[in-house]
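Given next are the chains, with one letter for each unit.
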Amino acid sequence: MNLPLLLNIATFVVLLIALGRVNANWSLAKRVLLGMVLGIVFGLALHLIYGDDSATLKQSISWFSIVGGGYIQLLQMIVMPLVLVSVLNSVAKLNSTASLGKISVLTIGTLLLTTLISALVGVFVTHLFGLTAQGLVQGAQETARLTAIQDNYVGKVADLSVPQLVQSFIPKNPFAELTGAKPTSIIGVVIFAAFLGVAALNLLKDDAVKGQRVLTAIDTAQAWVMKLVRLVIRLTPYGVLALMTNVVAVSNVQDIIKLGGFVVASYLGLAIMFGVHAVLLTLNGINPLRFFRKVWPALSFAFTSRSSAATIPLSIEAQTRRIGVPESIASFAASFGTTIGQNGCAGLYPAMLAVMVAPTVGINPFDPVWIATLVAVVTLSSVGVAGVGGGATFAALIVLPAMGLPVTLVALLISIEPLIDMGRTALNVNGSMTAGTITSQLLGQTDRSVFDAADDVEMAHR
């Protein structure tokens, strides 16, 4: 281990210790923001000192990943248990299965509506910037990526019909679903938990004594898992510090500049969609500025981790503890939002790629009928997109072949993929929390006292 590497690791440890000694009265949002700022500054310093292709920098990143990657793995560890017990507990506490139906329809409906809008926004920003796939150069790295896509993904994703996709949601082995064996495993766990919850309600009607024992056991399991969740969530500022350091330190400025138009257009589209979420929240009686402040820790982690699935615990925590959404609605929104209606990965991104590729095969992307078809395909294909890094690739590999377009562009954008994917993931997570909040408002179940409470009041109740 050389001296520069030791100095890098020592500096990183000092930053972690300094972050841990921050005033205990600071809210989680403030500590996460501090961790992000420290990560940006430290990562930028490393990038300026070593460049983006230094062996010392790569070794340093591998050590920093113990914290960043380790935190992501801890969140992934609790995702399935959290989804299982949260949905099970939520359904078991409902007065009737009709309530479950209302929650599901409103949540999924909101997710699909915002995805439809995001597809239209993708078409708009691509036209606005005049983006096209013509002239993009396919180098060695892009060729390798395209080969990997064709070998590993195209046959599995692009050839999957809508009926097959829907059927894949239905779990045949709940234990396999709990391992995350499929991209749609989370939906399978949600469905299994919902059936278990309904069964508990039926047992309560037929045998009150046994039914009550089951409900008590479910409630105990929920409390136990939530204690585990909050233990992990306390580590969020450290995980964000490490993840942001890694992202900034290895960013290739030349690649970003080369494809700068697509980066700027993408982030303009993302900003517009955050504005759409704000409008929808306002129309439903929610102050969007307060909402965004409340959900900041979840959004910042989604941005740095690029994983909607790993953000589920933070999403549920933000909705229930900071916005006042009931656990039944928060659990459904966070769980379904990872695989249905991802506004960034499954809405905005594939629509932009389709509009860019269309002229290369003689299709007029300004044709209203073609645009309507594209938006419909994007919205329908957004059901079942994996909520992990690379989910946008799955979405693009479904949409492009469905529109009769080649998938080559997916590989050509590899160099800027991580940069854009951070913003897309944050939008995905915000979309799911927006869906949960709107559903709660429409059903009149939001606890306004929680939403109106200041951050320091929330911290006092933790």
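Residues numbered from 1 in each chain as written. Predicted model: local features only at pLDDT ≥ 70, side-chain atom pairs only at ≥ 80, totals over all residues. Heavy atoms only, no water.

- Under an unreviewed UniProt entry, the protein chain has the name L-cystine uptake protein TcyP and belongs to Ralstonia wenshanensis.
- Under the heading Sequence similarities (unreviewed entry), UniProt records this for the protein chain: "Belongs to the dicarboxylate/amino acid:cation symporter (DAACS) (TC 2.A.23) family."
- UniProt annotates the protein chain under Subcellular location (unreviewed entry) with the comment "Membrane". (UniProt positions renumbered as here; feature names shortened; annotations may be inferred.)

### Considerations on helix 3 (residues 55–92)
Line of reasoning, step 1. Compared with an ideal rise of 1.5 Å per residue, which puts 38 residues at 56 Å, helix 3 spans 54 Å between its outermost C-alpha atoms and is within 8% of the ideal.
Line of reasoning, step 2. Its axis deflected by about 45° at Ser65, helix 3 carries its strongest bend there.
Line of reasoning, step 3. Of the residues flanking the start of helix 3, the one acting as N-cap is Ser54, its side-chain oxygen 3.2 Å from the backbone nitrogen of Thr56. (Helix = DSSP H or I, 4+ residues; strand = E, 2+ residues; numbered from the N terminus. Expected span 1.5 Å × (residues − 1). Bend = angle between axes of the 7 residues up to and from the residue. Polar contact = N/O pair within 3.5 Å; in protein donor to acceptor, adjacent residues only side chain to side chain.)

### Description of the packing of helix 8 (residues 185–206) against helix 16 (residues 327–336)
Line of reasoning, step 1. Here helix 8 crosses helix 16 at 155°, and the two axes come no closer than 9 Å. Taken together, helix 8 and helix 16 sit at an angle that is classed as roughly antiparallel. Of the residues in helix 16, those touching helix 8 at Ile186, Ile187 and Val190 are Phe332, Ser335 and Phe336.
Line of reasoning, step 2. Of the residues assigned to the contact of helix 8 with helix 16, the class counts are five nonpolar, one polar and no charged. (Axes fitted to C-alpha atoms, helices over the stretch in contact; angles between N-to-C directions. Parallel < 35°, antiparallel > 145°, perpendicular 65-115°, else oblique. Contact = heavy atoms within 4.5 Å. Nonpolar A, V, L, I, M, F, W, Y, C, P; charged D, E, K, R; others polar.)

### Overview of the packing of aromatic side chains
Line of reasoning, step 1. Enumeration according to the criterion identifies seven aromatic pairs in this entry.
Line of reasoning, step 2. By the ring-pair criterion, three or more aromatic residues cluster together here, those being Phe12, Phe42 and Phe64.
Line of reasoning, step 3. Over the ring of Tyr349 we find Arg424; its NZ or CZ atom is 4.2 Å from the centre of that ring. (Phe/Tyr/Trp six-rings, centres within 6.5 Å; stacked < 30°, edge-to-face > 60°. Lys NZ or Arg CZ within 6 Å of the ring centre and 35° of its normal.)

### Examining helix 21 (residues 417–442)
Line of reasoning, step 1. Between the first and last C-alpha of helix 21 there are 37 Å, a value that for 26 residues agrees with the 38 Å anticipated at 1.5 Å per step.
Line of reasoning, step 2. Counting buried residues in helix 21 gives 23 out of 26 residues, a clear majority hidden from the surface.
Line of reasoning, step 3. Note on helix 21: the residue one or two positions beyond its end, Gly444, has a positive phi of about 65°. (Buried < 20%, exposed > 50% of the residue type's maximum accessible area, 1.4 Å probe, protein only.)

### Remarks on a nonpolar patch on the surface
Line of reasoning, step 1. A cluster of nonpolar residues, Phe124, Leu128, Phe129, Val264 and Leu268, forms a patch on the protein surface that exposes about 440 Å² of accessible area.
Line of reasoning, step 2. Broken down by secondary-structure element, the contributors of at least two residues to the nonpolar patch are helix 4 (97–129) and helix 12 (260–283).
Line of reasoning, step 3. As for its position among the elements, Val264 is in helix 12.
Line of reasoning, step 4. By relative accessible area, which is 48% here, Val264 ends up partly exposed. (Patch = residues over 30% accessible without salt bridge, like charges linked within 9 Å, V, L, I, M, F, W, Y side chains within 5 Å. Areas by Shrake-Rupley, 256 points an atom, 1.4 Å probe, with all protein chains shown as cover. Salt bridge = Lys/Arg side-chain N within 4 Å of Asp/Glu carboxyl O.)

### Observations regarding the confidence of the model for the protein chain
Line of reasoning, step 1. Scored by pLDDT, the protein chain has a mean of 84; 86% of the residues are at 70 or more.
Line of reasoning, step 2. Between the elements of the protein chain, mean pLDDT differs from a low of 48, seen in helix 23 (residues 455–460), to a high of 95, seen in helix 13 (residues 288–294).
Line of reasoning, step 3. Residue range residues 456–462 is modelled with pLDDT below 50. Its contacts to residues more than four positions away, or to other chains, number 13 contacts. (pLDDT = per-residue confidence, 0-100.)

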